[in-house]
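Notes for the structure review
Residue-level listing of the chains:
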Amino acid sequence: MTTTARPADAGDPYPTRTAEAPPPFPRRHPVVWNPAAAGPLSAAELAAYDRDGCLHVEAVLTAGQTAACLAETGRLAADRSLRASGRVVPEPDGDGIRSVFEVHALSETFREIVHSARLADIARQILGSDVYVHQTRVNFKQAFEGSGFGWHSDFETWHSEDGMPAPRALSLSVALTDNGPHNGPLMIIPGAHRTFVPSAGETPPDYHRTSLRGKNLPAGPADRAAVTALAREFGIRQFTGPAGSATAFDANSLHASAPNVSPFPRTNLFVVYNSVENRIGTPYAAPRPRPAYLASRTFTPVPRRAGDHADP
Ligand code: 6CS
Ligand code: FE
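The sections below set out a description of the structure shown in this document. (Residues numbered from 1 in each chain as written. Chains lettered and ligands numbered in written order. Predicted model: local features only at pLDDT ≥ 70, side-chain atom pairs only at ≥ 80, totals over all residues. Heavy atoms only, no water.)

Overview of the coordination of the iron ion (ligand 2)
Quick reminder of the rule: We call an atom a donor if it is N, O or S and sits within 2.8 Å of the metal, or 3.2 Å for Na, K and Ca. Water is not counted, so some sites may look partial. Each label reflects the angles at the metal, where four donors whose angles all fall between 85 and 135 degrees are tetrahedral, four or six donors whose opposite pairs open beyond 155 degrees and whose other angles stay between 65 and 115 are square planar or octahedral respectively, and the rest are irregular. Starting at the N terminus, helices and strands are each numbered in turn, a helix being any DSSP run of H or I of at least four residues and a strand any DSSP run of E of at least two. With a 1.4 Å probe rolled over the protein chains alone, any residue whose accessible area is under 20% of its type maximum counts as buried; one over 50% counts as exposed, and the rest are partly exposed.
With distances of 2.1 to 2.2 Å, the protein atoms coordinating the iron ion (ligand 2) are His-152 (NE2), Asp-154 (OD) and His-255 (NE2). With 4 donor atoms in place around the iron ion (ligand 2) and angles of 82 to 175 degrees between them, the coordination shape is irregular. Within one chain, the residues donating to the iron ion (ligand 2) are spaced in sequence as H-x1-D-x100-H. Taken together, the residues His-152 in strand 6 (residues 149-153) and His-255 in strand 12 (residues 254-257) connect sequence positions 103 residues apart. His-152 gets classed as buried once you look at its relative accessible area, which sits at 18%. Accessibility expressed as a relative area gives 5% for His-255, which makes it buried.

If you want it as structure tokens, here you go:
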């Protein structure tokens, strides 16, 4: 593996992180890769995902599973030995925890859920292939204190910093506590996944040490004029739902979330599945690849389990 960024003229289909960002342009790849793929989503749900780049799914976890995940979350947050590993991201202000990465490697409970057919079949159906786990994390938004996330496309980061070739990946944001309108739920501009919004500013060395804290970022946030135009065109959808429900969203969805000033914590598990046909390589616009706990380079497919749906 080389450790230098590709030259900007190497035929990159999604140029970004240049001093002057090029204007937004249409996505160059499909969203639903095989509309005939079998799986848990109905044809209407698959069409809605294709159109919007996002879909709410009820009850992906049982009450017992959400309780087990919350217990594990508390254990990981209290584990002092994890703090120095980089996996634990502190809040930008105060000493709370914002995120813990690679939870499926730290906890058998999370590993089991990430590998379950209930979650992975959704990804396999949308991406039209086997999938592997690119990233997992728990985002804590503590009551009163939890900070927000500005508007961005995850694919913009995964492409530039991790070397992900195409937006053939998706996230499942799984509510471990109830997500209501007041505790900083996910917001998405439905339809904006069809536009790639380049970000101005070169990626600094070791940028992950600061970027994940989310404040005053020199590279990565989506251009505000582009967000404004897309939100005027498509509106903004807020995803609320009880613990155990989930939102699936395309890697190139434009999304954000507000801080949590409510008295109710908002804790979500994020699982990023990438197609096995879209393995990451050399970063497109960063000096060095990020650590494996942010961007896995183990491309083992999530095993298909009984109850999974065979391809037609
Ligand atoms: O850098 C990343 O990979 C992550 N950052 C954000 C703000 N969203 C998704 C992703 O986990
Ligand atoms: Fe994100």
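Still more ground to cover, so stick around.
So, the sheet that holds strand 7 (residues 169-175)
Keep this limit in mind: Pairing between strands is defined by DSSP: at least two bridges between them are needed. Angular values range over 0 to 180 degrees, each being the angle between N-to-C directions of two axes fitted as lines to C-alpha atoms, with helices fitted over their stretch in contact. Working rule for contacts: check all heavy atoms of both residues, and any pair within 4.5 Å makes them a contact.
Within the open sheet, the 7 strands sit side by side as 2-11-7-13-5-4-3. Their pairing is antiparallel. At either end of the open sheet lies a strand with only one pairing partner, and these are strand 2 (54-57) and strand 3 (88-90). When strand polarity is set aside, the average angle formed by the axes of neighbouring strands in this sheet is 20 degrees. Pairing between strand 2 and strand 11 (residues 246-250): 4 bridges, direction antiparallel. Note that in strand 11 the partner of Leu-55 across the bridge is Ala-248. On the sheet, helix 1 (residues 43-52) packs against strand 2, strand 7 and strand 11 and is oriented at approximately 140 degrees with respect to strand 2. Those strands touched by helix 2 (residues 63-78) are strand 4 (97-101), strand 5 (131-141), strand 7 and strand 13 (266-275), and its axis lies near 75 degrees from that of strand 5.

Quick look at the environment of Leu-269
Its location among the elements puts Leu-269 in strand 13. Along the backbone, Leu-269 and Cys-54 are 215 residues apart, and their C-alpha atoms lie at a distance of 16 Å. Each residue touching Leu-269, except ones within four places of it in the same chain, is listed here: Val-103, Phe-110, Ile-113, Arg-137, Val-138, Leu-172, Ser-173, Val-174 and Leu-176.

Considerations on the site of ligand 1
Where we set the bar: Whether a residue is near a molecule or strand depends on its heavy atoms: if one lies within 4 Å, it is near. As used in this structure description, the phrase polar contact means that two N or O atoms lie within 3.5 Å; if the pair is within protein, one of them must be able to donate a hydrogen and the other to accept it, and residues adjacent in sequence are counted only when both atoms belong to side chains. In short, Shrake-Rupley with a 1.4 Å probe defines the accessible areas, and a residue's cover is counted only from the protein chains shown.
Neighbouring ligand 1 are the residues Gln-135, Arg-137, His-152, Asp-154, Thr-157, Trp-158, Leu-212 and Arg-290. One of the side-chain nitrogen or oxygen atoms of Arg-137 is found 2.9 Å away from an oxygen atom of ligand 1. Note that a nitrogen atom of ligand 1 is positioned 3.0 Å from one of the side-chain N or O atoms of Asp-154. In isolation ligand 1 offers 300 Å² of accessible surface; the protein chains occlude 87% of this area. Contributing elements (two or more residues each) for the shell around ligand 1: strand 5 and helix 6 (154-162).

Overview of the side chain of Gln-135
Position of Gln-135 relative to the elements: it lies in strand 5. Setting aside residues up to four positions removed in sequence, Gln-135 forms contacts with Phe-101, Trp-158, Phe-270, Val-271, Val-272, Arg-290 and Leu-294.

Considerations on the nonpolar core
Selection criterion: Note on terminology: a nonpolar core comprises buried Ala, Val, Leu, Ile, Met, Phe, Trp, Tyr and Cys residues joined through side-chain atoms within 4.5 Å.
Ranked by size, the top nonpolar core spans 41 residues in total, and within it Leu-119, Leu-269 and Tyr-273 carry the most contacts. The element that contributes the greatest number of residues to this core is helix 5 (residues 117-127), accounting for 6 residues. Setting aside anything within four residues of it in sequence, one finds Tyr-273 in contact with Val-114, Leu-119, Ala-120, Ala-123, Leu-127, Val-131, Tyr-132, Val-133, Ala-169, Leu-170, Leu-172 and Val-302. Listed in part, the 13 residues of the second largest apolar core include Phe-155, Trp-158, Ala-169 and Phe-299.

Let's talk about unusual backbone geometry
The backbone phi angle of Glu-102 is positive, close to 60 degrees, even though this residue is not glycine. Relative to the helices and strands, Glu-102 resides in the loop between strand 4 and helix 3 (103-106). Judged by its relative accessible area of 17%, Glu-102 is buried.

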